[in-house]
Amino acid sequence: MRTRSFLLALGLLAMLAAVVPVGAQGTNLLQDPSLEGEVYSRVSADPNDPATTFNAPTYWWGGFILGGDAPWKNVHPNGFPHTGGIKRSGGRSYHMSRGGGTFTAWLLQQVSVAPNTDVQGGAWALIEHNSGGSVVRAGIDPNGGTDPNGPGVVWSEWAGALYQWNLVQVTTRAGTTGVVTLFLYATQSQPSNPNGVYWDDAFLNGTPGAGLPIGGQPDQPSTRIVTTTERVNVRNGPGLSAARIGTLRPGDAYTLTGEADGWYRIDFNGQVGWVSAIFVTVSEGQPTVAGGAPPAPSVPSISSLRFLVDYTLRMRAAPDTTSAILASIPHNTVVTATGRSADGLWLQITYQGQTGWIASRYGRAQSGDILGLPVAG
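So, how was this worked out
- Residues numbered from 1 in each chain as written.
- Predicted model: local features only at pLDDT ≥ 70, side-chain atom pairs only at ≥ 80, totals over all residues.
- Heavy atoms only, no water.
- Helix = DSSP H or I, 4+ residues; strand = E, 2+ residues; numbered from the N terminus.
- Buried < 20%, exposed > 50% of the residue type's maximum accessible area, 1.4 Å probe, protein only.
- Contact = heavy atoms within 4.5 Å.
- Areas by Shrake-Rupley, 256 points an atom, 1.4 Å probe, with all protein chains shown as cover.
- Salt bridge = Lys/Arg side-chain N within 4 Å of Asp/Glu carboxyl O.
- 1 Å grid on protein atoms, 1.4 Å probe; cavity = no way out; pocket = protein on both sides within 12 Å on 5 of 7 lines; lining within 4 Å.
- Points joined across faces, edges and corners; volume = space filled by probe spheres on them.
- Nonpolar A, V, L, I, M, F, W, Y, C, P; charged D, E, K, R; others polar.
- pLDDT = per-residue confidence, 0-100.
- Pairing = 2+ DSSP bridges.
- Phe/Tyr/Trp six-rings, centres within 6.5 Å; stacked < 30°, edge-to-face > 60°.
- Core = buried A, V, L, I, M, F, W, Y, C linked by side-chain atoms within 4.5 Å.

Visitor: Which residues make up the overall build of the chain, and what values do they have?
Guide: A count of helices and strands for the chain gives one helix and 26 strands. Within the chain, the fraction of its 377 residues that count as buried is 49%. The long-range share in the chain, meaning contacts at least 24 apart out of those at least 6 apart in sequence, stands at 70%. As presented, the chain carries roughly 16,900 Å² of accessible surface, and 53% of it is formed by carbon and sulfur atoms.

Given below as C-alpha cells:
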C-alpha cells in the first residue's frame, strides 16, 4: 500500500513538472520580467491619432509593422501598462491592442549571457476574445540583434488560445557576442474589436555574462557616434519603406543607440531615427547635434513633387491633428504636394478638388525633396 502511494505521489510530481514552464526554473536574467514598472518610454505615437501611442516599460523596447494590402492591416498599435483584472501576477501586465484593425507588434529586451551557453526564454500571453485570429510567440536572437525579422532569431511555436494564458517558450544556444535578445511577438489575421494581447511573467534563463549585472540591458556606449560625408535620409524605421523624418548632414554627429539588419538607430533630435549603415561611419566621439529641431538642409527649391501615400491618411484643413478632416486618402495613392509646413512634418496637397494637409512621415517622395517645397499655410 505504501509502495502504491509512493508511486502515485511520484506520478503526481511528474505531471506537475510537465506543466511548469522552463522559465520557472533557475535564475531569470531579465530586468522587470513581470512588466511591473511604472515608468514607460514612448516608442511611437500615431500621427493621425496622437492618443494612440506605443510605449515600452523601462529595460524593455519595442516595435511594430505598419501597412498591408488593406487599410485595416497593421495599423499603429497601442502599447501600455494594464492594471485591471487581466494579469497573471503582480499589479500589472502589458497590453497591446488596436480595436477595429490588426497590429503586428513586439517587445524586446537584451541581456548579457556567457557566450556559447544554453538560454531559455518566453512569457505568458492572454489573447482577448474576438481577437481576429490573433497569435503570439516568443523568440531569441542568440547574438543580441534587435530586429525580429533577422535570420538568426529562433522562435517558439505560435499559440492562439482565446481568453486564457498561453505559455510561449523557446530554447537555443547563445552566440559569441555575449548578448541575447528576447522578443515577445503578436499579430492578427482579421480586424476585430476588442483585439487585445496581454503579456506577463516573462523569463530568459541562462548563465549571466561578465561585466553586466544579471538582467542588465546592455548599454550602447554614449561615445559611439554616426557621421557621414553626404546627405543621408533619416527614417522612422530600419528600412527603405519607412517614412523619412529628416536628413543627416555632412559633419553632423548623432549618438548611436542601436542597430538592426544593416541600419543604425540614432537619437535624432529627441526622436528615434534610422540611417542605412551603407552611407554612414561609426566612430568614437561626441555628438554635435542633440536636442531641438534639426536645421533645414540646403536643397534645391521646387514648386511641386509626387508623393506616394503608404498609409490610409486623413487629409486635414490645417497642418495639425486637431483640424477638420476633409477626406480620407487610400494607401498607395500618389498625390501632388505643392507646399509644406516649416518643420517638414506636413505636406499641402490637392485631392479630389480640395486642398488640404497630410502627415509627411506616412509616405515618401517619388520626385524631389520635400524640404525644397515652399513653406505654406
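After that view, the rundown keeps rolling.
Visitor: Lay out the pattern of salt bridges with the relevant residues and their values.
Guide: Scanning the model with the defined rule gives four salt bridges in all. A salt bridge links Asp201 to Arg88, with the nearest nitrogen and oxygen atoms 2.9 Å apart. Note that Asp201 is positioned in strand S12 (residues 197-205) and Arg88 in the loop between strand S4 (78-82) and strand S5 (93-97), a separation of 113 residues in sequence. Where Arg173 meets Asp118, a salt bridge forms, and the shortest distance between an N and an O atom there is 2.9 Å. Of this pair, Arg173 sits in strand S10 (residues 165-173) while Asp118 sits in strand S7 (residues 118-127), placing them 55 residues apart in sequence.

Visitor: Kindly report on the side chain of Asn78, identifying the contributing residues and their values.
Guide: With respect to the secondary-structure elements, Asn78 resides in strand S4. Look at Asn78 and you get buried, because its relative accessible area is 16%. Excluding anything up to four places from it in sequence, Asn78 contacts Ala51, Thr52, Thr53, Phe54, His95, Met96, Ser97 and Arg98.

Visitor: Quick one: what's the story with the layout of surface pockets, residue by residue and with numbers?
Guide: What the largest pocket holds in volume is close to 1,100 Å³. Among the secondary structure elements, those contributing two or more residues to the lining of the largest pocket are strand S1 (40-46), strand S3 (61-65), strand S6 (104-112), strand S18 (271-276) and strand S26 (363-365). Of the residues contributing to the lining of the largest pocket, the split by class is 20 nonpolar, 17 polar and eight charged.

Visitor: Describe the confidence of the model for the chain, with residues and values.
Guide: Averaged over every residue, the pLDDT of the chain is 80; residues scoring 70 or more account for 85%. Confidence scores differ between elements of the chain, with helix H1 (residues 2-19) showing the lowest mean pLDDT of 40 and strand S9 (residues 154-155) the highest of 97. Segment residues 1-20 is flagged for pLDDT under 50; beyond a separation of four residues in sequence, or across chains, it makes one contact in the model. Low confidence marks residues 211-222, where pLDDT is under 50. Its contacts with residues over four positions away, or in another chain, come to 27 contacts.

Visitor: Hey, could you go over the sheet that holds S9 for me, with residue numbers and the actual values?
Guide: Spatially, S3-S6-S11-S8-S9 is the arrangement adopted by the five strands of the open sheet, whose pairing is antiparallel. Edge positions in the open sheet fall to S3 and S9, since each of these has one partner strand only. Looking at chain direction, S6 and strand S11 (residues 179-187) are connected through eight bridges and run antiparallel. Bridge assignment links Ser112 to a residue of S11, and that residue is Val179.

Visitor: Residues and numbers for the side chain of Ser323, please.
Guide: Relative to the elements of secondary structure, Ser323 occurs in the loop between strand S21 (313-316) and strand S22 (325-329). Under the relative-accessibility criterion, Ser323 is labelled buried at 14%.

Visitor: Quick one: what's the story with the packing of aromatic side chains, residue by residue and with numbers?
Guide: In this structure the tally under the stated criterion is six aromatic pairs. Between Phe54 and Phe64, the aromatic rings sit 5.5 Å apart at their centres with planes inclined by 75°, giving edge-to-face as the arrangement. With a gap of 10 residues between them, Phe54 in strand S2 (residues 49-57) and Phe64 in strand S3 connect regions that are remote in the sequence. Taking relative accessible area as the criterion, Phe64 reaches 18% and is therefore assigned buried.

Visitor: Pulling in residues and values, what's your account of the environment of Thr247?
Guide: Looking at the element boundaries, Thr247 is found in strand S15 (residues 244-248). Separated by 26 residues in sequence, Thr247 and Gly273 place their C-alpha atoms 9.8 Å apart.

Visitor: Outline the pairing of S15, listing residues and values.
Guide: Burial analysis of S15 places five of its five residues in the buried class, the great majority of the element. The sheet contact formed by strand S14 (residues 232-235) and S15 spans four bridges and is antiparallel. If you follow Val234 over to S15, its bridge partner there is Gly246.

Visitor: Describe the pairing of S11, listing the residues and the values that go with them.
Guide: Residues in a regular strand project their side chains so that they alternate between the two faces of the sheet. Counting buried residues along S11, nine of its nine residues qualify, which places the element largely inside the surrounding structure. The alternating pattern of S11 places Val179, Thr181, Phe183, Tyr185 and Thr187 on one face and Val180, Leu182, Leu184 and Ala186 on the opposite face, and all of these are buried. Summarising the sheet, strand S8 (residues 135-141) and S11 pair through seven bridges and their orientation is antiparallel. What sits directly across from Gly139, in S11, is Phe183.

Visitor: So, the nonpolar core: which residues are in play, and what are the values?
Guide: Counting residues in hydrophobic clusters, the biggest one holds 41 residues, and the most contacted among them are Met96, Val136, Leu184 and Trp199. Sort the elements by how many residues they give to this core and S11 lands first, with six residues.

Visitor: Just give me the short version of unusual backbone geometry, but keep the residues and values in it.
Guide: In terms of backbone geometry, most residues other than glycine have negative phi values and most peptide bonds are trans. Omega for the bond connecting Asn193 with Pro194 falls within 30 degrees of zero, at 5°, which places this linkage in the cis form. As for its position among the elements, Pro194 is in the loop between S11 and S12. A positive phi is found at Asp32, a non-glycine position, where the angle reads about 50°. On the secondary structure map, Asp32 appears in the loop between H1 and S1. Of note, the phi angle at Asp201 is positive, near 50°, even though the residue is not glycine.

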